[in-house]
Each structure stands twice: as C-alpha cells, then as structure tokens.
Amino acid sequence: MSSAAQAQTEKDKGNAAFKAGDFPTAIGHYTAAFIADPSNATYPLNRAAAYLKLGKNEDAERDCDTVLRLDRKNVKGYFRRGQARVALQKLKDAEADFQAALKLEPANDSVKQELKKVQDALKDVAAVQKSKKPINIPTPLPPSTSPPKRRRVPITIVKPESSAASSSNTTSSAANKDSSLLTPISSRPIERTSSGTSTSQSSGPSSSHSTPTSSQSTQPKPQTFREAKAAREEARPRGGIFRSDGRSSLFYAPSSSNGDADIPKRETPQTLVSFIRIWETLQTDHERWDVLRQIPATRLPVLFKTSLDASILAPILRTLRAALTDKPEDEERAHIVRAYMVNLPRVPRFNTVSMMMDASETAHAQIVWDLLGRSRGEGVEGEMDKQKEVGSRRAWGCH
C-alpha cells in the first residue's frame, strides 16, 4: 500500500471517529495520515477541527499555521485559526483571519457571522477602555493646627513621715538590745608579717587544710602565655573512675622521666603551613626534636600529603639520628624514632623525594636503623610490626 493510500485510510477512520464524537481517536488517525503524507493540508486541517472540539486552542492554531503554510488560499484554515484565536482572546488576529477568509469567499455566511462577532467584541472592549475613569484615592486631611485639648487630672500629694524620726527610732532600738547576747569574736589571732600581709593561725585539725603545701609554694608562676598553657595541660586530668557515691579517682599524666622535660614545649603544628613556619625558626636538633616528638607519626601522610620536599626530609632524618645518639638508652625516644622511620615512607611521593637526597643525607637513614636495631615484638602484632619495618627499610634503601 502506498503512503497516499495509507494516509487516505487513516483519514477515513478519523472522519468516522469524529462523527461518533470520539475526538481523541480522530486526532490519532489524522496524525497517522499526516505522517504518511505530510504534503496534504487536509490532515492537519481536520485535526485542528478535532482540537477545537476538545478546547485545545493552541494546538488548533498551530495546525492551522501548518495548513496555511501548505496552502495560502485555504479558507477553512483561516476560518478555524480565527476561531482558535477568538478563544485565546486574540481578537485583532482573529479579525484579520476572518477578513482574509471573506476575501477569498465573499459569499461565505459563516465567515461573515464570525467576523461580525469579533468586530462587536472589539467595539465593546474599546468602549470599556474609553469609559475607564481614574481611581479617586481619598487623601488624608492635614493635621489640625489648633493646640490639643488638655484634660486636668486632680493629684493628691501624700507626704511621707520624716526620715529623721525613722532614723532616730532605729538608733534607739539598736541601743536597747539585750546586752546579754553573745558577741561574735574570731578565735584565730591575726599576725602581721614582715611583708605587710595578714596571716591567720588556727589550731586543730582544720589547720592542715588551710596551710599550703611546700610544693605549691615553691612552684614558679608561668611568665608567658605558652608556659601557662603548658602548665594547664600538665594539670589537666587524663581520665578517671567516677562512682555514684561521689568518690572519684582522676588520672593525671605521669611526670616525664625520659629526660625531655627540660626541653621547652612548643606549639604542635596542625597543618603543613604551620609546620614549615615553626620548622624554619628552629636552630638546633634539640629544638627540632621537641617539635617532632609532639607530632604523632601516623599523621605524617596527612600532614605532608604531596608537599614533602628533600629540604625537609633531610633535616628530619638528621634530627632523628641526633635524638638517638644523644640518649640511646631512652626507650620512649627510640619508640618515637622507629614510628617516624616506619611512617615517613607512607607519605606520598616519598620515593621521588628520597632520590633527590645525596649519599651523605641518605646515610643517616642506615645509621638510624642500626641504632634502632630489629623489632622485637611478639605475637600477631609483633609480626605485623616486623613486616612493616622490613618494608620501610626497603623504602629507605637500607638493609
């Protein structure tokens, strides 16, 4: 079957559905017909009629545009587009469509009737717009210039009793108190010290609570903000056991016994920028060790990321060697150095950075591993530590 014959078949089905009042089905058949033969203006024209029945005026106007593009002298195309535009309140455009249809068929009564309705509607609209009057908005009256009326309210003044009489009564009542009452006195004699301050002495068990200990009196006061912060950190409890009866046990940080207590504590760097800013101000290996020992070795990959440089790695390696050489018997110091040697190879770009160091700088790594010795851990965790250490030695290029 040719496309034209198929289009005609779909058109016939659409006409049957249109007569039966099944407009959606008719639209479907007209659409199939127009797809089969898009050069025939009859199919979009019939579909526009079905759209008008369903109130889909925009679709009907669009189909009529298609009809007039295919056939400029199609009277029904102008007529149905005029009907769609009337429903869309496009009265001027609808009037132009009906006039064009009437020009093609001057004796068409349907076109004349629709044109007359549109022209009457345009006259009514013009009359309504012409009869519109400006809105009269009442303005508020100006405020009155006459002075406001005042209302007099009588006020009664009540004079209070004389204050002198009340004060005399109070004095006389205080003087007439019973002299037999006990007079409170202090049982602790106050002595004047050589410095001009007053101290109190008390006897009995309570004196032990008021007398400060010798350790508190001899403890020097912090002179700077950093020393005060360090003192607060040392005095802060690190945990405890809290019981419902109120008896609690607080655990404080143990006093340092590894010999690092004499090294001044510095601010712990939290970012790479702060680390570099602090690192550039340090002059000795002791100062650098003071900073390194406060940074957990596991944070090194996060701290340096991809910004580790040979100019930073070489001084760190030299500082670790100096720390071990200074106190080789310090187990805690050796534990920190071992953690650094294991975690530094985990920093991104470590292999590239280590290749940029010369032989004298990489020799420090072998010396550090020799001073540390092999890991002596036991059990599962010990075996894992040994495997990590083997991989780290290989990354450092050491045996």
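You'll find the structure just up there.
Residues numbered from 1 in each chain as written. Predicted model: local features only at pLDDT ≥ 70, side-chain atom pairs only at ≥ 80, totals over all residues. Heavy atoms only, no water.

S.K.: Can you lay out the packing of helix H5 (residues 75-87) against helix H7 (residues 109-130) for me, pointing to particular residues and giving the numbers?
M.R.: In the contact formed by H5 and H7, the axes pass within 11 Å of each other and the chain directions differ by 25°. Judged on the interaxial angle alone, H7 and H5 are roughly parallel. Note that H5 runs across H7; the crossing there is left-handed. The segment H5 lies against H7, with Phe79, Gln83 and Val86 engaging Ser110, Val111, Glu114 and Val118. Among the residues forming the contact of H5 with H7, the class breakdown is four nonpolar, two polar and one charged. (Axes fitted to C-alpha atoms, helices over the stretch in contact; angles between N-to-C directions. Helix = DSSP H or I, 4+ residues; strand = E, 2+ residues; numbered from the N terminus. Parallel < 35°, antiparallel > 145°, perpendicular 65-115°, else oblique. Left-handed = near helix turned anticlockwise from the far one by under 90°. Contact = heavy atoms within 4.5 Å. Nonpolar A, V, L, I, M, F, W, Y, C, P; charged D, E, K, R; others polar.)

S.K.: Just give me the short version of the packing of aromatic side chains, but keep the residues and values in it.
M.R.: Using the criterion set out here, one finds five aromatic pairs in the structure. Considering the side-chain rings of phenylalanine 275 and tryptophan 279, the 5.3 Å spacing of their centres and the 20° angle between planes classify their relative orientation as stacked. Here tryptophan 279 and phenylalanine 275 lie together in helix H12 (residues 272-279), a separation of four residues that amounts to about one turn. Accessibility classification places phenylalanine 275 together with tryptophan 279 in one group, the buried group. With a centroid separation of 5.3 Å and 85° between ring planes, the pair formed by phenylalanine 275 and phenylalanine 304 is classed as edge-to-face. With phenylalanine 275 in helix H12 and phenylalanine 304 in helix H14 (residues 300-304), this pair connects stretches of sequence that are 29 residues apart. Of the two residues examined, phenylalanine 275 and phenylalanine 304, each falls in the buried class. Taking the ring centre of tryptophan 279 as reference, the NZ or CZ of arginine 288 above it sits at 5.8 Å. (Phe/Tyr/Trp six-rings, centres within 6.5 Å; stacked < 30°, edge-to-face > 60°. Buried < 20%, exposed > 50% of the residue type's maximum accessible area, 1.4 Å probe, protein only. Lys NZ or Arg CZ within 6 Å of the ring centre and 35° of its normal.)

S.K.: If you had to explain unusual backbone geometry to someone new, which residues and values would you point to?
M.R.: In this model, glutamine 89 sits at a positive phi of 65°, which is unusual for a non-glycine residue. For glutamine 89, the position within the fold is in the loop between H5 and helix H6 (91-104). Phi angles above zero are rare outside glycine, and arginine 349 is one such case at about 65°. Structurally, arginine 349 can be placed in the loop between helix H16 (331-343) and helix H17 (350-355).

S.K.: Summarise the pattern of salt bridges; cite the residues concerned and give the values.
M.R.: Under the defined criterion, the tally for this structure stands at 14 salt bridges. When the shortest N-O distance is used, the salt bridge between arginine 393 and glutamate 389 registers 3.3 Å. Of the two residues, arginine 393 and glutamate 389 are both situated in helix H19 (residues 379-396); the distance of four residues between them amounts to about one turn of the helix. Assigned by exposure class, arginine 393 and glutamate 389 land together as buried. Taken together, the shared-partner salt bridges in this structure form one network comprising Glu61, Asp65, Arg81, Arg85, Lys90 and Asp97. (Salt bridge = Lys/Arg side-chain N within 4 Å of Asp/Glu carboxyl O.)

S.K.: Break down the packing of H16 against H19 for me, citing the residues and quoting the values.
M.R.: It is the contact of H16 with H19, at a shortest axis distance of 8 Å, that shows an interaxial angle of 65°. In terms of their interaxial angle, H16 and H19 are classed as roughly perpendicular. Two packed elements cross with a definite hand, and for H16 against H19 that hand is left-handed. Along the contact surface, H16 presents Arg338, Met341 and Val342, while H19 presents Lys388, Glu389, Ser392 and Trp396. Across the contact of H16 with H19, the residue classes break down as three nonpolar, one polar and three charged.

S.K.: Could you give an account of the nonpolar core, with specific residues and numbers?
M.R.: Formed by 39 residues in total, the largest nonpolar core has its most connected members in Phe275, Phe304, Ile316, Met341, Leu344 and Trp396. Of all elements in the fold, only H12, helix H13 (285-292), H14, helix H15 (310-326), H16, H17 and helix H18 (359-372) reach the threshold of two or more residues within this core. Broken down by element, this core gets its largest block of residues, nine residues, from H15. Every residue in contact with tryptophan 396, bar those within four places of it in the chain, is listed here: Leu313, Leu317, Met341, Leu344, Pro345, Phe350, Ala365 and Trp369. Counting 12 residues, the second-largest nonpolar core is a separate cluster that includes Tyr78, Phe98, Leu115 and Leu122. (Core = buried A, V, L, I, M, F, W, Y, C linked by side-chain atoms within 4.5 Å.)

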